[in-house]
Amino acid sequence: MTVDMQESCRRATAAQEGELARTLAAAFADDPVLGWLLPAGSGREERLRRFFKIELRHMAFTRGTVWSCEGASGAALCMPPGAWQLPPAVALAQGPAFGRVFGRRLPIAAAFQAAMELRHERRPHWYILAVGVRPEHQGRGLGTTLLRPTLDRCDREGLPAYLEASSERSAALYERLGFDHVRELRLFGSPPLWLMARAPGAER
Ligand SMILES: CC(C)(COP(=O)(O)OP(=O)(O)OC[C@H]1O[C@@H](n2cnc3c(N)ncnc32)[C@H](O)[C@@H]1OP(=O)(O)O)[C@@H](O)C(=O)NCCC(=O)NCCS
């Protein structure tokens, strides 16, 4: 990682919600699992933007830390111990907003979310809710840079980290950062989602 990259990774503010939602929507445009939940031709990118706006506003900016970089070309949404789950009252209040994202597939999306939560790490941990880099900036170390502060903090504080990888390629990156596969999740014929945990100091 270059010094420039380290310097360009900083905490984002809530004022950046709109641009970071667009960044994450662009990053996840070809994501296998979100693509299965939001098939192409259904205004997927706009739906993804709305989805990440909810995640940013009601999870990451409220109860977690959002890391971003120069030009908002990437973002990592990191949740501290005890804050990995959308509070039920917020989930209920955001029901209509989720409905506008998933449309008729809302029950499937809700079942998928419930299955993820059922299998979620139960020990105190940092949860990487989402990390994404705009396609034109991928493969240059930004994703690694955006995760670095949280993984370093986990190492310092002796805490595990946890995430769900939605492609083999992203899982390979997380393996290099010290994450191990916990289990694979598939539901209703979905593409696989790999649940991964990282012990403190586990980096190879
Ligand atoms: C995964 C992601 C955040 C990594 O950021 P990055 O800046 O590209 O990552 P780095 O440059 O630090 O590391 C490169 C590694 O990231 C992974 N990666 C790169 N592009 C990727 C992509 N389009 N999809 C999935 N993983 C990718 C690969 O493991 C790559 O290593 P490789 O080139 O040897 O295959 C970014 O590529 C991305 O936003 N991908 C699409 C959305 C996504 O899959 N997010 C994670 C969901 S769990």
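Summary of the structure given here. (Residues numbered from 1 in each chain as written. Predicted model: local features only at pLDDT ≥ 70, side-chain atom pairs only at ≥ 80, totals over all residues. Heavy atoms only, no water.)

1. Some remarks on the nonpolar core
Spelled out, the test is: Only buried residues count toward a nonpolar core, which is a set of Ala, Val, Leu, Ile, Met, Phe, Trp, Tyr and Cys residues joined through side-chain atoms within 4.5 Å. Burial here depends on accessible area, computed with a 1.4 Å probe over protein chains only, as a share of the maximum for the residue type. Under 20% is buried, over 50% is exposed, and the range in between is partly exposed. The numbering of helices and of strands both runs from the N terminus, where a helix is a DSSP run of H or I of at least 4 residues and a strand a run of E of at least 2. Residue contacts follow a heavy-atom distance rule, with two residues in contact if any of their heavy atoms lie within 4.5 Å.
Grouped together as the largest cluster of nonpolar side chains are 44 residues, with contacts concentrated most on Phe52, Leu77 and Phe102. Looking at this core, the elements that each hand over two or more residues are helix H2 (17-27), helix H3 (32-37), helix H4 (44-63), strand E3 (74-79), helix H6 (95-102), helix H7 (106-119), strand E4 (126-133) and strand E7 (193-198). With 7 residues, the single largest contributor to this core is H4. In contact with leucine 77, other than residues within four places in its own chain, are Leu24, Glu55, Leu56, Ala60, Thr65, Val66, Tyr127, Ile128, Leu129 and Ala130. Residues Val131, Leu142, Cys154 and Met196 belong to the second largest nonpolar core, which totals 24 residues.

2. Thoughts on the site of the ligand
Worth spelling out the cut-off: Think of it this way: one heavy atom of a residue within 4 Å of a molecule or strand is enough to make that residue near it. Nitrogen and oxygen atoms within 3.5 Å of one another constitute a polar contact, given that in protein one can donate a hydrogen and the other can accept it, and given that sequence-neighbouring residues count only through two side-chain atoms. A 1.4 Å probe and the Shrake-Rupley method give the accessible areas. Residues count as covered only by the protein chains that appear here.
In the neighbourhood of the ligand, 21 residues make up the surrounding shell, with Val133, Gln138, Gly141, Thr144 and Arg169 lying closest. A distance of 2.5 Å is found between an oxygen atom of the ligand and a side-chain nitrogen or oxygen belonging to threonine 144. Note that an oxygen atom of the ligand is positioned 2.9 Å from one of the side-chain N or O atoms of arginine 176. Against a free-state accessible area of 810 Å², the protein chains account for coverage of 80% of the ligand. Contributing elements (two or more residues each) for the shell around the ligand: E4, helix H8 (142-157), strand E5 (161-165) and helix H9 (168-176). In terms of residues, the shell around the ligand owes the most to one element, H9, which gives 5 residues.

3. Structural notes on H6
Owing to its 3.6 residues per turn, the α-helix aligns residues three or four sequence positions apart on the same side. Definition in use: Directions are taken from the helix axis to each C-beta atom, and the arc is the one they span.
Those residues of H6 not exposed but buried are Ala97, Phe98, Val101 and Phe102. Down the axis of H6, the smallest arc covering the buried residues is 120°, so these residues share one side. Opposite its buried face, H6 presents the exposed residues Pro96 and Arg100, each directed more than 90 degrees away. Taken together, the buried residues of H6 touch H3, H4, helix H5 (88-93) and H7. Count one or two residues on from H6 and you reach glycine 103, which has phi positive near 55°.

4. Overview of the side chain of histidine 125
Its place among the elements puts histidine 125 in the loop between H7 and E4. Side chain to side chain, histidine 125 and histidine 120 meet in a polar contact 2.9 Å long. Here arginine 123 takes part through its backbone oxygen, which lies 2.7 Å from a polar atom of the side chain of histidine 125. Dropping the residues within four chain positions of it, histidine 125 is found in contact with Met79, Pro80, Pro81, Trp84, His120, Pro160 and Tyr162.

5. So, the pairing of E5
Quick reminder of the rule: With the strands pointing away from the viewer, any crossover whose connection runs clockwise from the first strand over the helix to the second is right-handed. Here the rule is simple: two strands pair whenever DSSP picks up at least two bridges between them.
E5 sits mainly inside the fold: 5 of its 5 residues count as buried. The alternating pattern of E5 places Ala161, Leu163 and Ala165 and Tyr162 and Glu164 on opposite faces, both of which are buried. For the crossover from E4 across H8 to E5, the handedness is right-handed. Note: E5 against E7, 5 bridges, orientation antiparallel. Looking at the pairing, alanine 165 lines up with tryptophan 194 of E7.

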